Amino acid sequence: MSAGRRRPRVAVVIFPGSNCDRDTLVAVEEVGGEAVPVWHQDVNLAGCGAVILPGGFSYGDYLRAGAMAAHSPVMAAVRRHAEEGGPVLGICNGFQMLLEIGLLPGAMLMNRTLRFICRDVHLRVERDGMPLLGHLRRGQVLRLPIAHKEGNWFAPPEVVREVESAGAVALRYCAPDGRLDDGANPNGALNAIAGLVNAAGNVLGLMPHPERRVRSLVGGEDGAALMRALVEAA
Amino acid sequence: MRWDAPATAELAREHGLSEEEYRRILDSLGRTPNLTELGIFAALWSEHCSYKSSRVHLRKLPTSGPRVVQGPGENAGVVELGEGWVTVFKMESHNHPSFIEPYQGAATGVGGILRDVFTMGARPIMLLDSLRFGALEAPRMTHLVDGVVRGIGDYGNCVGVPTVGGEVDFHPSYNGNVLVNAMCVGVARADGLFFGRASGPGNRVVYLGSKTGRDGIHGATMASDVFDETASEKRPTVQVGDPFTEKLLIECCLELMDKGLVVGIQDMGAAGLTSSAFEMAARAGCGLTLDLSLVPAREKGMSPYELMLSESQERMLLVVSPASVQPVLDVCHRWGLDAVEVGSVTEEPEVNATFDGREAFRLPVAPLVDDAPRYERPWVNPDPAAPVTLPPLHERRWGADLRAMLSSPAFADTHTVWQQYDQSVGAGTVVGPGADAALLLLPGTSIGVAATTDCNALACGLDPRNGAAQAVAEAVRNLACVGAEPVGVTDCLNFGSPENPIVMGQFVTALEGMGEACRAFEVPVVSGNVSFYNETSGNTILPTPTVGMVGVVPEVRHRPRATWQDGDAIYLVGAVEGELGGSRFLQVVLGLEAGPVPAVDYAAESRAAAAVRALVRHGLASAKDLSDGGLAVAAVEMSGGACGAELTMPEGVAPARALFGEWRGGFLLAVARESERAFARTCEGLPVTLLGAARGTRLRVSLGGKVLLDELVGELQRLREKGLGWLSGA
């Protein structure tokens, strides 16, 4: 980015119980954005060009992951922003919220092991030329951590068919070499779906945590490409 | 019985107070206390709160040093890290509740230790858990393991503090008393610390957090008693955790402190409102006056007795200036938390409370806190284990022995445990669980904060003094493996009943060993916890003095690895032969829990640890310390189940001692070819032996032309995955 140019402003929405908000704020800054914390009770996005719904346990997720957050005052602004074509990234709990408010299809079930799982997974990029996937190319394999108990993406057969035919799958769990393999699917998600994008291409939801992987000392920089793509789209 | 009924000797006994202690209460008050006052005395004078059996012996630990900002006596210890940063840490047991109700017991253990740390103004950055279970075949044991692991996970995961380390071990002595020791490490600016002091008469007392319910009443007294077969009847004394509220409390309290709105703060842990009120008053030399009618209650009709003794979780007590009350309440309400002004600080050093307009109790502070009973309980010096006569060991099939060891739960791969914990939230985890120690970046800096928990209880059972000293030495070695220099210790001392002179002897001598080692390594003990009465129906646990040690790497430039890569040269630093006394080889393979545990050679250990630290910091070697299972097990771990090695032991050594000997203060190091020169320079003057190189897929160890081991590392790794594989739910 050229010197003196204003950094793109990215809103990171903080719900009670968000716990990846600070990591996300730092990661946005690290890849050249201006990170703006936005409170769940705010009714606008502080003039930001992009918005991130971060991971965590909003409202404790005592009901259904993301279900309470979907009714937060800020969500009307997020929906408006998305409908106007503004970029939206939902990470983990944020992805669950995007499903709850219907910006992306399907729902999350408990992982098939019925356990919380935190480990590195491999992910195959499924789409080319998507702004929110930045310079990533179809077939490319990323390594990122997951950390969730409800990441087992599910939808009725007709929705799954629609998702596949529309090319809405952004990322799939895969083996290190990119092969699809049930053993590489950590949570039982249908068709190994780890990330979805909407038809317009401006709303991306994913279970893995790119914000945790922007520095090589903490395990790699595979998350930086996704974070940078959002900042550049802002 | 009414809360204001007069106490009797009978009621005192039911509250766990001895006859003599009750007499002491009558003398100090000069009157008969009411039931609420008796309950307050019983809680604060319980072993759990008063440390009455341990206090005189805890003095043997070194607690000061140039880096120490706050030693024992506060909610947690504080040590300088550099560049104006401090680390705040503590470990605490939640053994009794976890045995009764594993999920909630473990979860609330995590909640409690988090509060001890953020109460001081520090942001918690990591959690570790030292767990001890009984034999997996014992009744309820798999249920206990599963419940404890899920409880720890669900709590830590929700609050967003990564769980990055700890240990899991098994021994039948824990069949009736599992151990759950949770450690939290936080960081703060040196000028941003807060203390549990109710100072400044006229200041106001604010209650913050969850409403008070009837759960956990008498938790502290339960933790100060032995179990019998009726243990499950004590389930109502276990608290229930709410990690969501805890997360809000963390953010709310840190914001209040950051805004300078807090004078003193403490969480309501064991003995709830009672301990926070009295301890805060005692530290400040002031008093408090409370209106218990204002305490937010979960249900109607709660009495002063219940309000004072409830151990409902996720509650804090704040002291704030009168002008700050409204701003404090505003911040709390923004976080959606209950916050109510419930009293004020007084000059007179007594705590008094009203309820429904009349006095509920009035008690002087000193007799309850500073002048609580202290006991010098009788103890006997344990006989160190005698040398053991071993069967002939020259014609053994070492491969079969190694496979037997790796198949035992003690060496099970624990990834099915720690994959249930969020290890990477915070985006600072450089080295996570499964390694010798955890290493995290202090947020916004390149300073590394490392931590480990260690205790070989088998060794402590054979020789409490040397066993405890060895636990400290192992912690030093583990930190060295991630390049960290130790800066402070927190301990969690788990023992049986102090009223048993044998147990008391274990406790006293273990503390001597721990003190000796901490002095020798110049690592002060700045916080800790004593858990007595870990016995059920007369069966006592192995003495388990767990050491939690924190270290620092001034600037993290390389990511330490715990595995070797194809082509690495493999070196041993330390003695080529270890000792078999108290070793896992004797325990698992020969079925012997026997033999002497040697003293620590501090000079040699310190030199080796310093060299390994330097090697790791400069990225010149991957390191693993030789501890449980000796060199053979360390080699399997360094192989990662992927890359084999060809190792040749020096002529003339005894195979069993070379492969499985312990207590040698050694390290296994893997060095890339291009680093060998720098490696040699760094290790000058140390006992270093080149053993061979990493290559292929087999672990081959030979001695004098004979092959001792020749095993596929992938198969060895699979054996390790069997023991706890069932935990994954897959």
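Data block above holds the structure.
In this report, we go over the structure that sits alongside the text. (Residues numbered from 1 in each chain as written. Chains lettered and ligands numbered in written order. Predicted model: local features only at pLDDT ≥ 70, side-chain atom pairs only at ≥ 80, totals over all residues.)

## Thoughts on the pairing of strand β11 (residues 203–206) of chain A
Residue and element names in this part refer to chain A.
Here is step 1: Side chains V203 and G205 of β11 all project onto a buried face; the interleaved residues L204 and L206 project onto the opposite face, where all are buried too.
Here is step 2: Of the strand pairs in this sheet, strand β4 (residues 88–91) and β11 are connected by 4 bridges, and their pairing is parallel. Residue pairing in the sheet places V88 in a bridge with V203 of β11.
Here is step 3: Direction of pairing for strand β10 (residues 193–197) relative to β11: antiparallel, over a ladder of 3 bridges. Following the sheet pairing, V197 is matched in β11 by L204. (Buried ≥ 20, exposed ≤ 12 C-beta atoms within 10 Å, placed from the backbone. Helix = DSSP H or I, 4+ residues; strand = E, 2+ residues; numbered from the N terminus. Pairing = 2+ DSSP bridges.)

## Some points on the packing of helix α7 (residues 102–118) of chain B against helix α8 (residues 141–159) of chain B
Residue and element names in this part refer to chain B.
Here is step 1: Orientation of α7 relative to α8, taken along the N-to-C sense of each, is 35°, at an axis distance of 7 Å. The two elements α7 and α8 cross, and the hand of that crossing is right-handed. When α7 is examined against α8, the residues P102, Y103, Q104, G105, A106, A107, V110, G111 and L114 are found in contact with a partner set consisting of H143, L144, G147, V148, R150, G151, I152, D154, Y155, G156 and V159.
Here is step 2: Looking at the contact of α7 with α8, its residues break down into 11 nonpolar, 7 polar and 2 charged. (Axes fitted to C-alpha atoms, helices over the stretch in contact; angles between N-to-C directions. Left-handed = near helix turned anticlockwise from the far one by under 90°. Contact = placed C-beta atoms within 7 Å. Nonpolar A, V, L, I, M, F, W, Y, C, P; charged D, E, K, R; others polar.)

## Remarks on the packing of helix α18 (residues 464–480) of chain B against helix α21 (residues 602–617) of chain B
Residue and element names in this part refer to chain B.
Here is step 1: Two elements in contact, α18 and α21, have axes separated by 8 Å at closest approach and are oriented at 20°. Taken as axis vectors, α18 and α21 run roughly parallel relative to one another. Along this stretch, α18 crosses α21, giving a crossing that reads as left-handed. The residues of α21 that touch α18, namely those facing A473, V476, R477 and A480, are E605, A609, V612 and R613.
Here is step 2: Of the residues contributing to the contact of α18 with α21, the split by class is 5 nonpolar, no polar and 3 charged. (Parallel < 35°, antiparallel > 145°, perpendicular 65-115°, else oblique.)

## Overview of the sheet that holds strand β14 (residues 429–431) of chain B
All names here are of chain B.
Here is step 1: Pairing is mixed across the open sheet formed by 6 strands, whose spatial order is β14-β15-β16-β21-β17-β18. A single partner strand is all that each edge strand has here, and the edge strands are β14 and β18 (525–531). Along the sheet, successive strands turn relative to each other by an average axial angle of 20°, direction set aside.
Here is step 2: Pairing between β14 and strand β15 (residues 438–441): 2 bridges, direction antiparallel. Within β15, the residue paired with T429 across the bridge is L440.

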